[in-house]
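Summary of structural features
Below, each chain spelled out in residue letters.
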Amino acid sequence: MPIALTGSKQCDVCGMVIEQHPGPVGQLFYADNAPEGRDNPAWFCSAWETFAYDFDRESEGWTLAVGYLTDYSAVDYELFDDGGATFITAHLEPDAFGRKSDLFYVAGTDIKGAMGNDLIPFSDSGDADTFAEEHDGTVYREGDISRDLVAQL
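Remember, predicted model here, so these are calculated numbers, not experimental data.

The rules we used
Residues numbered from 1 in each chain as written. Predicted model: local features only at pLDDT ≥ 70, side-chain atom pairs only at ≥ 80, totals over all residues. Heavy atoms only, no water. Helix = DSSP H or I, 4+ residues; strand = E, 2+ residues; numbered from the N terminus. Rg over C-alpha atoms; globule rule 2.2 N^0.38 Å. Buried < 20%, exposed > 50% of the residue type's maximum accessible area, 1.4 Å probe, protein only. Contact = heavy atoms within 4.5 Å. Areas by Shrake-Rupley, 256 points an atom, 1.4 Å probe, with all protein chains shown as cover. Lys, Arg positive; Asp, Glu negative; His and termini not counted. Charge placed at Lys NZ, Arg CZ, Asp CG, Glu CD. Core = buried A, V, L, I, M, F, W, Y, C linked by side-chain atoms within 4.5 Å. Polar contact = N/O pair within 3.5 Å; in protein donor to acceptor, adjacent residues only side chain to side chain. Salt bridge = Lys/Arg side-chain N within 4 Å of Asp/Glu carboxyl O.

Thoughts on the overall build of the protein chain
Check the secondary structure of the protein chain and you find 3 helices and 11 strands. Starting at the N terminus, the α and β elements of the protein chain follow one another as β-β-α-β-β-β-β-β-β-β-β-α-β-α. The C-alpha radius of gyration computed for the protein chain amounts to 14 Å, which stays within 12% of the reference 15 Å derived for 153 residues, consistent with globular compactness. Structurally, the protein chain occupies a C-alpha span of about 40 × 30 × 25 Å along its principal axes. Within the span of the protein chain, comprising 153 residues, buried residues form 47% of the whole. Residue pairs in contact within the protein chain that sit at least 24 positions apart in sequence constitute 66% of those at least 6 positions apart. In the structure as shown, the protein chain presents an accessible area of about 7,300 Å², 42% of it carried by carbon and sulfur atoms. Treating the 8 positive side-chain charges of the protein chain as one cloud and the 29 negative ones as another, the clouds have centres 7 Å apart.

Focus on the nonpolar core
In this structure, Leu5, Ile18, Val25, Phe44 and Tyr53 are the most contacted members of the largest nonpolar core, which totals 18 residues. Within the residue set of this core, elements represented by two or more residues are strand 1 (26-30), strand 2 (42-44) and strand 3 (64-70). In this view, Tyr53 contacts Asp12, Val13, Leu28, Tyr30, Pro35, Ala42, Phe44 and Trp62; residues no more than four positions away in its chain are not counted.

Re the environment of Asp118
Among the structural elements, Asp118 can be located in the loop between strand 9 (116-117) and strand 10 (120-122). Look at Asp118 and you get buried, because its relative accessible area is 1%. Residues Asp118 and Gln152, spaced 34 residues apart in sequence, show a C-alpha to C-alpha distance of 9.9 Å. Residues contacting Asp118, with those up to four places away along its chain left out, are Pro24, Ser46, Ala47, Trp48, Val106, Ala107, Ile111 and Leu153. One polar contact links the side chain of Asp118 to the main-chain amide nitrogen of Ala47, over a distance of 3.0 Å.

Examining the pattern of salt bridges
Taken as a whole, this structure holds 5 salt bridges when the rule is applied. Notably, a salt bridge pairs Arg38 with Asp12, separated by 2.6 Å at the nearest N-O pair. Here the residue Arg38 occupies a position in the loop between strand 1 and strand 2, and Asp12 occupies one in the segment before strand 1, the gap between them amounting to 26 residues. Take Arg38: its relative accessible area is 23%, and that puts it in the partly exposed class. For Lys100, the salt bridge identified is with Glu142, shortest N-O distance 2.8 Å. One end of the pair, Lys100, is in the loop between strand 6 (97-99) and strand 7 (104-107); the other, Glu142, is in the loop between strand 11 (138-141) and helix 3 (147-152), and 42 residues separate them in sequence. Lys100 sits in the buried class, given a relative accessible area of 4%.

Laid out in structure tokens, this is it:
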């Protein structure tokens, strides 16, 4: 089960305090490994960092038990402008997450998260399609997301 990514939890890729930033967040639970210095899950302040970390751990032989990302179909999200860019709100409570493998990901939009351009996850394919149409994005499934796609964000 996902946990709340509140308080002083810091991203396992960049070290930023997760609750201080907008956008999708993620958490990964591994079968026989854990982040350095603590128990599972690994925590992330962006969807793309969640994928990048998992690609790197997979290369090291780690086995993902389950991953979770913000499910924008399950929350009342808002878009807001800051400094000329449009951001999507963060949602950090356990019920705001969907299983990484079940989500539809919108990439290539102008909507920003904590680390700039990001993958925006939805559990409902219709929500993903609508978001992609409104923000010039493309919808992907988890298996279609590659290191190259993440690097292009």
